[in-house]
Amino acid sequence: MYNRNSTNDWDTYHNNRFIVNQVNDGDTIYLDLYDSIACRSKTRVRLIGVDTPELASDRSPAMPYAEKARDYVTQLCLNREVIIKLEPNRSCHRDKYKRLLAYIYLTEDSMLNEKLIREGYGWADIRHEHLYDKRFEKLYKIARKNKIGLWDLADPQLPGYLEE
């Protein structure tokens, strides 16, 4: 069982189960747990190693497949229990926005991060090393080659860090 009052992410989140009570977009969800580090009523979680198209904002329109990625994540995990796994041997499990960086498991052997890439709702985020970086990159290349999901679009509007 997790320690709700801990200020240590590993003790609070790793290998523990939580209810997803909000889906922000394809790669960011919220857990039904007060975040004592970020001082938020919910814990905002950014999926490690996967990036999905950006939703519309004040500055730009939605990228192709952004709503589909968000809807897919909503269907899979909103109001459901997930297992949080953190990257081992890391001193910090947060990004610059104080989001918890995690692998989200829908079941013991079904990882949401991986599913998004395999099903073409997003791509491997190759900007940072992580435990599954090679595996995610391989899945991304397979999905792209086989034109799965967003890879079937004429112009998926890829981020600059991906090679063409």
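Residues numbered from 1 in each chain as written. Predicted model: local features only at pLDDT ≥ 70, side-chain atom pairs only at ≥ 80, totals over all residues. Heavy atoms only, no water.

> Would you take a moment to explain the pattern of salt bridges for this structure?
Close approach of charged atoms lets side chains of opposite charge pair. Applying the stated rule across the entire model yields 13 salt bridges. Between D71 and R70 there is a salt bridge, and its shortest N-O distance comes to 3.3 Å. Note on R70: relative accessible area 25%, which makes it partly exposed. Put simply, K141 and E137 hold a salt bridge, and the shortest N to O gap is 3.7 Å. Here E137 and K141 lie together in helix α4 (residues 133-145), a separation of four residues that amounts to about one turn. Judged by its relative accessible area of 25%, E137 is partly exposed. (Salt bridge = Lys/Arg side-chain N within 4 Å of Asp/Glu carboxyl O. Buried < 20%, exposed > 50% of the residue type's maximum accessible area, 1.4 Å probe, protein only. Helix = DSSP H or I, 4+ residues; strand = E, 2+ residues; numbered from the N terminus.)

> Explain helix α2 (residues 66-77) here, please?
Compared with an ideal rise of 1.5 Å per residue, which puts twelve residues at 16 Å, α2 spans 17 Å between its outermost C-alpha atoms and is within 8% of the ideal. In the segment just after α2, N79 is the residue with positive phi, at about 60°. (Expected span 1.5 Å × (residues − 1).)

> Quick question: what am I supposed to make of the nonpolar core here?
Most often, soluble globular proteins have nonpolar side chains that are buried together. Counting 45 residues, the largest nonpolar core has I29, L31, I84, I104 and L112 as the members making the most contacts within it. Those residues within four positions of I84 in sequence are excluded, and the remaining contacts are Y13, H14, N15, N16, F18, L31, L100, A102, Y103 and I104. (Core = buried A, V, L, I, M, F, W, Y, C linked by side-chain atoms within 4.5 Å. Contact = heavy atoms within 4.5 Å.)

> I'm lost on the packing of aromatic side chains in this one. Help?
Describing an aromatic ring pair means giving the distance of the ring centres and the angle of the ring planes. Evaluation of the coordinates by the stated rule reveals seven aromatic pairs. With a centroid separation of 5.6 Å and 50° between ring planes, the pair formed by Y13 and F18 is classed as tilted. Both residues of the pair, Y13 and F18, count as buried. Chaining the aromatic ring pairs together yields one cluster made of Y65, Y72 and Y121. (Phe/Tyr/Trp six-rings, centres within 6.5 Å; stacked < 30°, edge-to-face > 60°.)

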